[in-house]
Amino acid sequence: MTGSIGRRDILGGMAGVGAAAALTPYQLAAAQAAPANPDAILSASASDLAEAIRSKRLSSREVVDAYLQRIAVVNPKLNAVVQITADAARKGADDADAALARGAIKGPLHGVPVTIKDTLETTGVICTGGTLGRAHYVPKADATAVARLRAAGAIMLGKTNVPELAGALETDNLIYGRTNNPYDLKRTPGGSSGGEAAIISAGGSPLGLGTDAGGSIRIPAHYCGLAALKPTAGRVPRTGQFPRPLGPRQSVFHVSLIARRVADLALALPIVAGPDFHDFTVVDMPVHDMRSVDLSKLKLAYFADDGFSSPTPEIAAAVHAAAKAFIDAHVAVDEKRPPDAEKAGTVYYDMTRGDGGVGVRAFLKSVGTNQISPLFEASIVKRASPAMGSITEALAAFNKWDVYRNTMLDFMQGYDALLSPVLPYVAPLHGTSFDDNLQRGVGYAQMHNLTGWPTATVRVGTSPEGMPIGVQVAARPWREDVALALVAHLESVFGGWKMPMV
């Protein structure tokens, strides 16, 4: 939605004739400022909500209450929000409105509700990471990215579901159970940021914070018809992420953003980016504005098939349609696949299996987990076996990663961005994500965890089953603005997110 936001009548179930008499003066002024629209708040972007709150056309309390009410309606079907912080959210909204009445604005997200993935720590609110050993663990501090959103005025509605240790492309665990896709409850919303994607897509939150180590923000965005951004490796601190990214594979882990609209990713990125002097990998690089990008000066490569796992006809058609949309916008476009595109999944798998899962099983015991979820057990078996036979073999796997990164960067010399599918299929039925034919397709997403490039996702179509189809656009390191500008154009052409009939 763009433009003005009408007042949604959500307080105390008031509706229809005579409702205005029950409004506070603040709410009455908001109601008179714009025509009432019962769906406006729940379909609005975070950017529009922020502007409406600042201009006092809506109060933060109205907005927060609207989203809490929506969560109450859809969450029993989705099981997406696993800790609902309603009382704290309402208090935060009242404080935001009181501050605004004094002329004080905390930041660009003043009074705007958000949700947070349950692998990012939150002060005073349980953070499980989906594993039984942390079922009652209450952090004493916020993850850096969470603290930065709060400092910018955001109000947390709750924590969202994840697979155990964020280790699967479906969202299910032994603490909270399974999360469902709002477009088809028989299908997964993906993982590991599946709870975030499900609740945002269903209108229960405008903006969320997740993570991505192998497609974990982009795959759920593709499955649920959303916009998402995996920033450049080293852009956003992972401090407070559980498990904490450490060791030789740590650079594939990214704190990431997900929303219904691309503009909200651009709004939130500068807020969460930059060094915190706790995560040594983060670089103090400028965050460019996507509104300054001239599409006609860009050169883009694209491919619909990575040479290893062919996409469905509809996904291939969606990529070609996206490429045409760029051509129509005077972007220079080549249909050209990176030379090692088909190797991404193998390179990622080889450096993952290392010890065959011994280390992750020991880690689970160290946090008190003595029973592993069936989904994560399948993940260990599929992705961490067999163990490497020697240190030499393990080192060779990481050398192949370096060669892969260099080869991809050489390819990118001639281009500003790379368009491709996120995955070669739409959201599958629950319990099928480890099927061999589906596992073959994860290289499309893992490619950009290996490179560390910024990668944005947006919806461009719908499958015959009625499921969303997204594409991803990767840009050169530190050029999130280019990736965002390109997917923003696709959003304007194809419409982006559409509310599911959940």
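Residues numbered from 1 in each chain as written. Predicted model: local features only at pLDDT ≥ 70, side-chain atom pairs only at ≥ 80, totals over all residues. Heavy atoms only, no water.

**Overview of the environment of Arg-405**
Mapped onto the elements of the fold, Arg-405 is located in helix α14 (residues 391–412). We classify Arg-405 as partly exposed; its relative accessible area is 27%. Sequence spacing of Arg-405 and Asp-294 is 111 residues, and the spatial spacing of their C-alpha atoms is 27 Å. Once you skip the residues sitting within four places of it in the chain, Arg-405 turns out to touch Ser-251, Leu-450 and Thr-451. (Helix = DSSP H or I, 4+ residues; strand = E, 2+ residues; numbered from the N terminus. Buried < 20%, exposed > 50% of the residue type's maximum accessible area, 1.4 Å probe, protein only. Contact = heavy atoms within 4.5 Å.)

**Details of the sheet that holds strand β10 (residues 332–335)**
Read from one edge to the other, the open sheet built from eleven strands follows the order β1-β3-β2-β6-β8-β7-β12-β13-β11-β9-β10, with strand pairing classed as mixed. Either end of the sheet is taken by a strand with one partner, and the two such strands are β1 (81–84) and β10. Sheet twist, expressed as the mean angle between neighbouring strand axes with direction ignored, is 25 degrees. As defined by bridge partners, strand β9 (residues 299–302) adjoins strand β11 (residues 417–421) across three bridges and the pair is classed as parallel. (Pairing = 2+ DSSP bridges. Axes fitted to C-alpha atoms, helices over the stretch in contact; angles between N-to-C directions.)

**As for the packing of aromatic side chains**
Applying the stated criterion to the full structure yields four aromatic pairs. Seen from their ring centres, Phe-242 and Phe-363 are 5.8 Å apart, and the 35 degrees between their planes marks the pair as tilted. Taken together, the positions of Phe-242 in the loop between β7 (227–230) and β8 (254–259) and Phe-363 in helix α12 (residues 358–366) put the pair 121 residues apart, joining distant regions of the chain. What makes Phe-363 partly exposed here is its relative accessible area of 28%. Relative to Tyr-444, the ring of Phe-303 has its centre 6.2 Å away and its plane inclined at 20 degrees; by these criteria the two rings are stacked. Taken together, the residues Phe-303 in the loop between β9 and α10 (313–328) and Tyr-444 in helix α16 (residues 443–451) connect sequence positions 141 residues apart. The burial state of Phe-303 is the same as that of Tyr-444; both residues are buried. We note Arg-134 situated over the ring of Phe-242; from NZ or CZ to the ring centre the distance is 3.7 Å. Directly above the aromatic system of Trp-497 lies the positively charged group of Arg-260, at a separation of 4.9 Å from the ring centroid. (Phe/Tyr/Trp six-rings, centres within 6.5 Å; stacked < 30°, edge-to-face > 60°. Lys NZ or Arg CZ within 6 Å of the ring centre and 35° of its normal.)

**Points about the pattern of salt bridges**
Counted by the stated rule, this structure contains 24 salt bridges. Between Asp-118 and Lys-159 there is a salt bridge, with the nearest N and O atoms lying 3.4 Å from each other. Remark: Lys-159 occurs in strand β3 (residues 155–160) and Asp-118 occurs in the loop between β2 (113–117) and α6 (144–151); sequence separation between them is 41 residues. Overall, Lys-159 belongs to the buried group, its relative accessible area being 0%. (Salt bridge = Lys/Arg side-chain N within 4 Å of Asp/Glu carboxyl O.)

**Overview of empty space enclosed by the protein**
Under the definition given, this model contains one cavity of 30 Å³ or more. What the largest cavity holds in volume is close to 40 Å³. Contributing to the lining of the largest cavity are Val-114, Ile-116, Val-146, Leu-149, Arg-150, Ala-154, Ile-155 and Met-156. Contributing elements (two or more residues each) for the lining of the largest cavity: β2, α6 and β3. Per element, the largest residue contribution to the lining of the largest cavity is three residues, and it comes from α6. Here the lining of the largest cavity is built from residues that sort into seven nonpolar, no polar and one charged. (1 Å grid on protein atoms, 1.4 Å probe; cavity = no way out; pocket = protein on both sides within 12 Å on 5 of 7 lines; lining within 4 Å. Points joined across faces, edges and corners; volume = space filled by probe spheres on them. Nonpolar A, V, L, I, M, F, W, Y, C, P; charged D, E, K, R; others polar.)

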